[in-house]
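# Observations on the model geometry
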Amino acid sequence: MNHINENTGKTFHEDGKEAVQPSKAGEDGLNAESKSSLCGSSTDNEEELGEEEQDPVTKEIVEQRKGYVRRMCSIFNKIQQQAQENSSPLKGPMAAVGFLSKNSPNAGPSPVKQSLLQSPDPMCENDSSQHLFECVLLVGLTLSSGSDKGSIYVPYIKSKFPANVLVPPLIEHLCFPDASDWTIRRSLSPKADGSKKRDSKSDDEMKVDGCDQTYSLVITGADGSRRFGYCRRVLPEGGSMCLPLTYCLISPYRANGFYFKVLAELESRHGGPESEQNAFLQELYSCHLPGPSEVLQLPSSAEPLSPFVQPLRRPFDVRLEEKEVMELVTCLEVGVFLDVFASILLERKVLLTSKYLSKLSCCVQALQSVLYPFTWQHTFIPVLPAPMFDICGAPTPYIIGILKGSNGQIPSISLDEGIMVDLDTSNCIKKVGDEGSILPSRMKRMLQSALRIISSMKNSQQNSNKKNANSGDDIDVCNVLVSDAFMGTFLFVVGHYPNHVVKHGDGHRTFQREKFIKAMPFSGVRMFLEWFTETAMFTSFINASLEGSGDSEFERRAKQFCEETWKDSLLFLKAYKNFMKKSKSFGDRKKDWAIFT
């Protein structure tokens, strides 16, 4: 029989233990306690004993997530197979987008989208392995009257280097994703005194957080490979209408901080003689990407257009020249950040929106950085042009950034099985509702503690360095700390994978997935691995590890992690044997004492 305490309203059994009250189920049939059972209230001892795995509701949640991951992979593979059967040039992450452009009822006959998504990548014909970049484009805006909305500005390629380089058709639309916001009233008109006045888009919008409107884009080739475009907005010299220009440097290497410095040097020569600019670009083109602690010797300018005198030196840790991860941590609260991160691990759709182009591009790129050593295998577009918003209806997962309207209005986009976050306010606009239960409790606590410590450290540094020119260095250090926090979390969760890679007699290596999952001593993490090991990003990571040389930073740390774990296990076994030996000796002595008693 149960008894009810009149003061607390709680129910107790006859033995004095509190009875568990059944909670109300939500619309999806799962109660809040069940949804949070994978990450919330369970203690460490419960995880070790595996009591969570005996909960039938928790098992159902794990199976649902496994089913979702398998369904997404099945759709993705089916689209790729269709593309191959139809001899389509689309493969990899963009195949789903190309599929949408043909089958979506909302997909209009947009020449921009069709050219960008259905044309093969001509840049694959260019050998860029020995060059610092593949090409440099100068993109501008020109007035067009062929629109239902009247006269609008459309982007065009003003110049390119090398002159004979082949570029993806209409890539200028990715270089100017906000072209539709520049109307005839938004241009810069000259004043009577010869100076220029901006009718809209203030100078603060051209220089956001000192970024000078630097942003990036991603180009997915026909074989699924990715190239990276680094853009920088500049204001032209002279002209009756002052519209911004964009330098876009396209490279097969992902090194945002380094290439933005190269673009800054390129901008310092903007407006000079064309022959000098081409000579400067030619010398850069013949260089290779410097490695950690290496130096890029830039040619000196004939005319001192800028105070530049020193070469570009890369730091020993290339993460010191990046800042996108810390930018994302600054924009989002810890809880919202972890909801987005959890949605990415489950390979759901993720939409980020902001009024500022630089912030949006930076934060979307940061999502890829925090995934290291994993790589997002689906559609990835840092800033999506407005004419291509119907891509957000793609049937497969994606990470996409979309700009707000000119009046700050958030675009109306239908989103299912995903999350949409406003970077300017750190608010979740749309979400599934179970994001808090995706990460296991130990993983979540590790990240929460690290992010809060780093955020408080950054705030204290900003307060003490408001007048210090080295405050930017503190942000770079914080970026490394955040990256290490996420890498350390992944080491805890999957760092023991080298112990379960088996090498056969013929040299072929295989991964023992089931043994890998069972080797995790904590049930919450085991349930996480049940579905995470079936995602496209984990499968790609394991395949690359089996085929690669194992010399990446994460693989080196994973091997060290396994060695330290093995040493700890040997020490534990040695201590356990000594304990059992002493216990046996004590038992023998007790028997001897029993004779005299």
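What you see is a predicted model; the values in this text were computed from it and never measured.

## Comments concerning the pattern of salt bridges
Within this structure, the stated rule accounts for 23 salt bridges. Note that D424 is salt-bridged to K359, the shortest N-O span being 3.1 Å. With D424 in the loop between β15 (418–422) and β16 (427–430) and K359 in helix α12 (residues 357–369), the pair connects residues that are 65 residues apart, well separated along the chain. If you follow the salt bridges from partner to partner, you end up with R319, D484, E553, R556 and R557 in one network.

## Thoughts on the side chain of Q277
Mapped onto the fold, Q277 is located in helix α9 (residues 274–285). If we ignore the near neighbours within four places in the chain, the residues touching Q277 are Y247, R269, H270, G271 and G272.

## A closer look at the packing of aromatic side chains
Here the structure, examined in full by the defined rule, presents 23 aromatic pairs. Positioned above the aromatic ring of F280 is the side chain of R269, whose terminal nitrogen or guanidinium carbon lies 4.0 Å from the ring centre. The aromatic ring of F522 is capped on one face by R442, whose charged end is 3.5 Å from the ring centroid.

## Regarding the packing of helix α10 (residues 324–331) against α12
As a packed pair, α10 and α12 sit with axes 8 Å apart at the nearest point and diverge in direction by 110°. Between α10 and α12, the interaxial angle falls into the category roughly perpendicular. Where α10 abuts α12, its residues E324, V325, E327, L328 and C331 lie against K359, C362, C363, Q365, A366, L367 and S369.

## Regarding the sheet that holds β16
Spatially, the five strands line up as an open sheet ordered β13-β14-β12-β15-β16, and their pairing is mixed. Two strands close off the open sheet at either side, each with one partner strand: β13 (379–384) and β16. Neighbour-to-neighbour, the strand axes of this sheet turn through a mean angle of 20°, independent of strand direction. Those strands touched by helix α11 (residues 334–345) are β12 (349–354), β14 (398–403), β15 and β16, and its axis lies near 145° from that of β15. This element, α12, spans β12, β13 and β14 of the sheet and lies at about 165° to β13.

## Some words on the sheet that holds strand β4 (residues 152–161)
Two pairing modes exist for strands in a sheet, parallel and antiparallel, and in both the strands are linked by backbone hydrogen bonds. Overall, antiparallel pairing links the five strands, which are arranged β4-β3-β9-β8-β7 in an open sheet. The sheet terminates laterally at β4 and β7 (214–220), the two strands that pair on one side only. Going from strand to strand, the sheet's axes swing by 30° on average, the running direction of each strand aside. As paired strands, strand β3 (residues 135–144) and strand β9 (residues 245–251) are joined by five bridges and run antiparallel to one another. Bridge pairing links C135 to I250 in β9.

## A few points about the environment of S523
Along the chain, S523 turns up in helix α16 (residues 523–532). S523 sits 83 residues away from P440 along the chain, and the two C-alpha atoms are 9.0 Å apart.

## Observations regarding the nonpolar core
Grouped together as the largest cluster of nonpolar side chains are 120 residues, with contacts concentrated most on F341, L345, L529 and F532. The residues contacting F341, other than those within four sequence positions of it, are V370, L371, L439, M443, L447, F486 and F490. Counting residues in each nonpolar core, the second largest holds 13 residues, with M388, I391, I400 and M420 among its members.

## Quick look at α9
Residues spaced three or four apart along an α-helix point in a common direction, a consequence of the helix completing one turn every 3.6 residues. Here α9 contains twelve residues, and its C-alpha end-to-end distance of 16 Å stays within 8% of the 16 Å for a straight helix at 1.5 Å per residue. Residues Q277, F280, L281, L284 and Y285 constitute the buried set of α9. Angularly, the buried residues of α9 cover 135° about the axis, an arc narrow enough to put them on a single face. Where the residues of α9 are buried, they touch β3, β4, β9, α8 (256–268) and β10 (295–296).

## Some details on the environment of I61
Mapped onto the elements of the fold, I61 is located in helix α3 (residues 56–85). Sequence-wise, I61 and M527 are 466 residues apart; in three dimensions their C-alpha atoms are separated by 9.6 Å.

## Notes on the pairing of β3
For β3, a buried count of seven out of ten residues is recorded, marking the element as mostly surrounded by other parts of the structure. With nine bridges connecting them, β3 and β4 associate as antiparallel partners. Paired with V136 across the bridge in β4 is F161.

## Quick notes on unusual backbone geometry
Cis peptide bonds are those with omega within 30 degrees of zero, and the linkage from F161 to P162 qualifies with -5°. Mapped onto the secondary structure, P162 falls in the loop between β4 and α6 (172–175). In this chain, Y372 is followed by P373 through a cis amide linkage whose omega measures 15°. On the secondary structure map, P373 appears in the loop between α12 and β13. The phi dihedral of S293 is positive, around 70°, even though this residue is not glycine.

## Some points on α10
Among the eight residues that make up α10, six are buried, leaving the element largely enclosed by the rest of the structure. Here α10 has its buried residues at E324, V325, M326, L328, V329 and C331.

## Considering the pairing of β14
The buried fraction of β14 is high, at six of six residues. Burial along β14 is two-sided: the residues Y398, I400 and I402 and I399, G401 and L403 are all buried. Of the strand pairs in this sheet, β12 and β14 are connected by five bridges, and their pairing is parallel. Looking at the pairing, V350 lines up with I399 of β14. Examined bridge by bridge, β13 and β14 share four bridges and lie parallel to one another. Looking at β14, one finds that T379 is bridged to Y398.

Thresholds, definitions, all that
Residues numbered from 1 in each chain as written. Predicted model: local features only at pLDDT ≥ 70, side-chain atom pairs only at ≥ 80, totals over all residues. Heavy atoms only, no water. Salt bridge = Lys/Arg side-chain N within 4 Å of Asp/Glu carboxyl O. Helix = DSSP H or I, 4+ residues; strand = E, 2+ residues; numbered from the N terminus. Contact = heavy atoms within 4.5 Å. Phe/Tyr/Trp six-rings, centres within 6.5 Å; stacked < 30°, edge-to-face > 60°. Lys NZ or Arg CZ within 6 Å of the ring centre and 35° of its normal. Axes fitted to C-alpha atoms, helices over the stretch in contact; angles between N-to-C directions. Parallel < 35°, antiparallel > 145°, perpendicular 65-115°, else oblique. Pairing = 2+ DSSP bridges. Core = buried A, V, L, I, M, F, W, Y, C linked by side-chain atoms within 4.5 Å. Buried < 20%, exposed > 50% of the residue type's maximum accessible area, 1.4 Å probe, protein only. Expected span 1.5 Å × (residues − 1). Arc of directions from axis to C-beta.

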